[in-house]
Amino acid sequence: MRQGQKDSSDMKEGKKRRDDFPEPEDGNKCRWCRFPLLVALLQLLLGVAVIAVAFLMLAISPSLLTRETPHWAGIILCLVSILGFILYCITYVPDERTSMQFIVKLLYFVLCTIGLVISVLVMAFAGHHYTQTSSFICEQVGEDCVCTLDQDDPIARTFTYEGVSDCEVITGTLTLYFLVQILLNLAQALVCAFGAFILWKHRYQVFFAGLQIGSPSTQRWQKV
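Residues numbered from 1 in each chain as written. Predicted model: local features only at pLDDT ≥ 70, side-chain atom pairs only at ≥ 80, totals over all residues. Heavy atoms only, no water.

(A) Highlighting the nonpolar core. Membership of the largest hydrophobic core comes to 35 residues, with the highest contact counts inside it found for M57, Y108, C145, Y161, I170 and L174. Broken down by secondary-structure element, the contributors of at least two residues to this core are α2 (37-60), α3 (71-89), α4 (99-134), β2 (144-148), β3 (158-161) and α5 (168-201). With 9 residues, α5 is the single largest residue contributor to this core. Look past the residues within four positions of C145 in its chain and what remains in contact with it is C138, E139, Q140, F159, T160, Y161, V164, C167 and I170. (Core = buried A, V, L, I, M, F, W, Y, C linked by side-chain atoms within 4.5 Å. Buried < 20%, exposed > 50% of the residue type's maximum accessible area, 1.4 Å probe, protein only. Helix = DSSP H or I, 4+ residues; strand = E, 2+ residues; numbered from the N terminus. Contact = heavy atoms within 4.5 Å.)

(B) Layout of the UniProt feature "transmembrane region" (unreviewed entry) in the protein chain. UniProt annotation of "transmembrane region" (unreviewed entry) refers to residues 37-60, 72-94, 106-126 and 178-200 when read in the numbering used here. Summarising residues 37-60: 100% helix, 0% strand, and an end-to-end C-alpha distance of 35 Å. Taken end to end, residues 106-126 is 100% helix and 0% strand, and its first and last C-alpha atoms sit 30 Å apart. (UniProt positions renumbered as here; feature names shortened; annotations may be inferred.)

(C) View of the side chain of Q188. The topology assignment puts Q188 in helix α5. Under the relative-accessibility criterion, Q188 is labelled buried at 0%. At a separation of 3.1 Å, a polar atom in the side chain of Q188 contacts the side chain of S119. Ignoring any residue separated from it by four or fewer positions in sequence, one finds Q188 in contact with L46, G47, V50, A73, G74, L77 and S119. (Polar contact = N/O pair within 3.5 Å; in protein donor to acceptor, adjacent residues only side chain to side chain.)

(D) Structural context of the sheet that holds β3. Reading across the sheet, the 3 strands line up as β1-β2-β3 and stay open at both edges, with antiparallel pairing between neighbours. Two strands close off the open sheet at either side, each with one partner strand: β1 (137-141) and β3. Taking the axes of each pair of neighbouring strands and ignoring which way they run, one obtains an average angle of 25° across the sheet. Judged from the 4 bridges that link them, β2 and β3 form a sheet pairing that is antiparallel. Within the sheet, the bridge partner assigned to V146 lies in β3 and is T160. (Pairing = 2+ DSSP bridges. Axes fitted to C-alpha atoms, helices over the stretch in contact; angles between N-to-C directions.)

See the structure below:
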């Protein structure tokens, strides 16, 4: 009789342990959807797009200023995305019991915040230049394109774009590139804000950041 009660108790204990630990297959169900992989992929794509558009703008005229060709904003986003990939590869440990996990999450949060601020600055610069170039009155002077906002004002500020053979490129193509930069950096700002919000909400813990390779039998899994 005692043996039967013992077997029944062992079966209940085994069932309880199975309930505490997820099945191995569950860990691979939506591996590619887990945070921060999707956010990191979006940041990488947006960063590369911003860099590409910035160099296309620079190809129009070498006299464009650095604030007008914000490749630096794309580079920051690429660095943030690399940290996101590293965070995904680090084995998840509840309550951040590894210093590497904590450091990478902290850096990721800080860089996401910096990326958000930089994207907002780029949108401000691009919006200002978009308004300017949309109102430009340009004329060809040798190999340069000289633009002004008011042709009748003798002391109005002039903008000289070197190495431009057709002023239509300034009033058309360059204006379009500024608009594209506004849209790309708006998307960057939203993605960075989302990444920082997730880390802040969970206080750098409680979400799945990688694959759980193994854990002691006394350690329970946290459902997220």
